[in-house]
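Residue-level structural notes
Read off the chains here:
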Amino acid sequence: MPTLTNKFVASRWLPFEWPLMEVEEELHALRTGGADASPDLAARVQALEARRQELLQEIYSDLTAYQKVQLARHPRRPYALDYARLMFDDFVELHGDRRFGDDKAMIAGLATLAGRAVAVVGHQKGRDVSERKERNFAQGRPEGYRKAQRVMQMAERLRMPVISLVDTPAADCLTEAESRGISEAIAEGQMVMSQLRTPILVTILGEGGSGGAIGIGVGDRILMLEYAIYSVIPPEGYASIVWRDPSRVAEAAEAARITARDALALGVVDEVVPEPPGGAHADPEGMAAALKARLCHHLAELDAVPPDELVDQRYAKFRAMGVYEELAIP
Amino acid sequence: MGFQHALGGHRWLSRRATLRAPAEYRDGLWGSLWPWVRARGILTGVSPSFAVPHPSGIIPTRVLTLPSRSSRPTVDGKRDESMAVEPGLLPRSEYREIADRIPDGLYTKCDSPDCGELLYRKDLEKSLWVCPKCGRHFRLGARDRLALLLDEGSFSEFGANLISCNPLGMPDYDSKLARYRKATGENEAVITGLAAIGGHPVVVGITDPAFLMGSMGSVVGEKIARAMERAIELRHPCLMISGSGGGARMFEGILSLMQMAKTCAAVGRMQKAGIFYITVLTDPTMAGVYASWASLGDVVIAEPGAMIGFAGQRVYANTGSGMDPRIQTSEHQHACGLLDLIVPRAQLRSTLERLLAIAYASPTHRK
């Protein structure tokens, strides 16, 4: 059996994926001729493939909430720019909020989706250490949210739909962000999106972290990938506030109801887009194709709605969110 | 024991207390008895009720129905244990959540960490709960603040019948709600209604830091959105006062995040309709509330020294980085161009009156 000799490899697989990793490694070794070409090679590959399918079924059919959290943060999970590359015919990234600077944690641009012009905004995580730092771990700063607003308002003028790709642990909350008005930028983002006279499709790709997510998260259709999470507080924060014990994070993930299924049940998202077996990172092309199909489907639906009605419907949609009881007035 | 009791029984107060006799007690018999009085904690029993006239002299409807403060920190006859945490573990604001709503007893200590002055309660009432020494603006309950700001008898409440549920089945939420309802006498963390300031009708909403830290759950979001819609309908300006240190209410999970979007959308509607929107940020205004309706005012006003910011101290504690508390203050936010005005409590009513008069001179509003 292959062992976890390479720390780097291990860090790119989650602990519950390790059995799968071993099979994948073996398969890779066989295919690249690491083992000598014996007559039973094909049979061995076939057996391993079968084992792989079996493991995928076994591991992914019944994930716990915390495993989904780990998948949402998976180091190999496709990020916004990966989807931009895979879903759009063309994508031109735009930079800067024209006020202060350019936030690398937030991407924005113009693209064509199945032949039609769209504007794209989204959070971008980094793949390696230096890129993660450059992208500020996808924690948007005020200028990032203002860049997104600028591009969305441009889309409104040009009558292009907006595709918003949410994947952030939280907004940046350090001194500089605070001084430039991160709260105001997020509030303004929600208000701009609620009034935008063009269709908006929001997709939660990985982490939908609180204010950072909702700052570009208001739209006509909210989609969520199967293993994404959408939360007002990360499970770590939940555990340390409710139980004052950050180690109970797995329990917190369950209790805080942050999975796609929960969000759907609570009426916060409209649709959960299934991920390929093994998660989005196992087959980024397949995931992007599936998401693209759903986006095109919703765009076609929204095309039929006149802008005024669209804004009213969007208002009514968010207006209806929340659970409360109204007592009869005596 | 006695010493702490004289200060209302708060353990953390005793750390820097410098108890001094009030001026009129310093001489004569009282003056000689004072050390003994202090040592025995006799002042505990001298607690005047809140039936004294309100400092503003304005007593609008329902304000006098406030339960006396001595009943507030206790639930079912005993001190609320969930609040009784060791000082230092939590930001003091959490600890004070209920206990400091209105200072008890004859004396209270200025809650500014740099001042700590012991203040004679009647002086404090006269100064509208502002420390005469350092200018610290004490937290006020929502009804008390409305009493300071609104025309007497002008307030009629909206939606007091909206009650929070426990949609996520959080273990402690129901009991917490029940406790805070009992402690504050309110159904929820926000009060909305129609009122007048200086004769100008205004739709008003206020969140109460004493109710679950003024955090925004479904009911708070719904009441605020309804109030804003009402302002559009009536073509009155809208005034929202925030005392929300809790941001989005964690107990309602993702639904509370949606209240941010809901209230922002309602502000968007007001803007489209040309309704003038004033927000007043009081101590504390944080997180999900500051990142939604509170920062979207056409005019944003703050009280001096209020804690205003995006992420709470516990978030920084979790990330292992610190936040300079001076950053999250009205003064810093004002210096950064994020607030229009910092208005001391004594001038807030007249400032609002002037702004409303200007709003009513515009063609988009009618009385």
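Everything that follows concerns the structure shown earlier in this document.
Let me begin by describing the structure that accompanies this report. Here the structure is a predicted model, which is why all the values come from computation and not from measurement.

**As for the overall build of chain B**
Scanning chain B from N- to C-terminus turns up twelve helices and 14 strands. A buried classification covers 59% of the 367 residues belonging to chain B. Considering only intrachain contacts with a sequence separation of at least 6, the fraction spanning at least 24 residues in chain B is 72%. Roughly 13700 Å² of accessible area belongs to chain B as shown, and the carbon and sulfur atoms make up 55% of that amount.

**What about the side chain of Glu 275 of chain A?**
Residues and elements named next belong to chain A. Position of Glu 275 among the secondary structure elements: in the loop between strand 8 (271–273) and helix 14 (284–303). Of note is the side chain of Glu 275, whose polar atom sits 2.6 Å from the side chain of Arg 77. At 2.7 Å, the side chain of Glu 275 and the backbone nitrogen of Ala 280 are in polar contact. Residues within four places of Glu 275 in sequence aside, it is in contact with Arg 77, Leu 225, Glu 226, Tyr 227, Ala 228, Ala 280 and Met 287.

**Details of the interface of chain B and chain A**
Taken together, the contact pairs 54 residues of chain B with 50 residues of chain A. Where chain B abuts chain A, roughly 4700 Å² becomes buried across the two surfaces, and 65% of that area is made up of carbon and sulfur atoms. Of all residues in chain B, Met 250, Ile 254 and Phe 310 of chain B bury the most surface against chain A, accounting for 15% of the area lost on that side. For the pair chain B and chain A, the interface holds four salt bridges.

**As for the sheet that holds strand 5 (residues 156–158) of chain B**
All names here are of chain B. Here we have seven strands laid out as an open sheet, ordered 5-7-8-9-10-12-14, and mixed in their pairing. Two strands in the sheet have a free side with no partner beyond their single neighbour: strand 5 and strand 14 (341–342). As paired elements, strand 7 (residues 190–197) and strand 8 (residues 200–207) share eight bridges and run antiparallel to each other. Opposite Val 190, over in strand 8, you have Thr 207 as the bridge partner. Running at roughly 25° to strand 7, helix 7 (residues 218–234) makes contact with strand 5, strand 7, strand 8, strand 9 (238–242) and strand 10 (277–281) of the sheet.

**Points about the nonpolar core**
Soluble globular proteins: nonpolar side chains tend toward being buried together. If you look at the biggest cluster of nonpolar residues, it comprises 133 residues, and the most contacted ones within it are Tyr 83 and Tyr 230 of chain A together with Met 228 and Trp 293 of chain B. Looking at which element gives the most residues to this core, the answer is helix 8 (residues 253–273) of chain B, with eleven residues. Discounting chain neighbours no more than four positions away, the residues touching Trp 293 of chain B are Thr 207, Met 216, Ile 224, Met 228, Met 240, Ile 241, Ser 242, Thr 263, Cys 264, Val 267, Tyr 277 and Thr 279 of chain B. Counting 24 residues, the second-largest nonpolar core is a separate cluster that includes Phe 155, Ala 195, Ile 241 and Val 343 of chain B.

Cut-offs used in this document
- Residues numbered from 1 in each chain as written.
- Chains lettered and ligands numbered in written order.
- Predicted model: local features only at pLDDT ≥ 70, side-chain atom pairs only at ≥ 80, totals over all residues.
- Heavy atoms only, no water.
- Helix = DSSP H or I, 4+ residues; strand = E, 2+ residues; numbered from the N terminus.
- Buried < 20%, exposed > 50% of the residue type's maximum accessible area, 1.4 Å probe, protein only.
- Contact = heavy atoms within 4.5 Å.
- Areas by Shrake-Rupley, 256 points an atom, 1.4 Å probe, with all protein chains shown as cover.
- Polar contact = N/O pair within 3.5 Å; in protein donor to acceptor, adjacent residues only side chain to side chain.
- Buried area = accessible area lost by both parts, 1.4 Å probe.
- Salt bridge = Lys/Arg side-chain N within 4 Å of Asp/Glu carboxyl O.
- Pairing = 2+ DSSP bridges.
- Axes fitted to C-alpha atoms, helices over the stretch in contact; angles between N-to-C directions.
- Core = buried A, V, L, I, M, F, W, Y, C linked by side-chain atoms within 4.5 Å.

Honestly, that's just the spatial picture; any functional story needs more than this.
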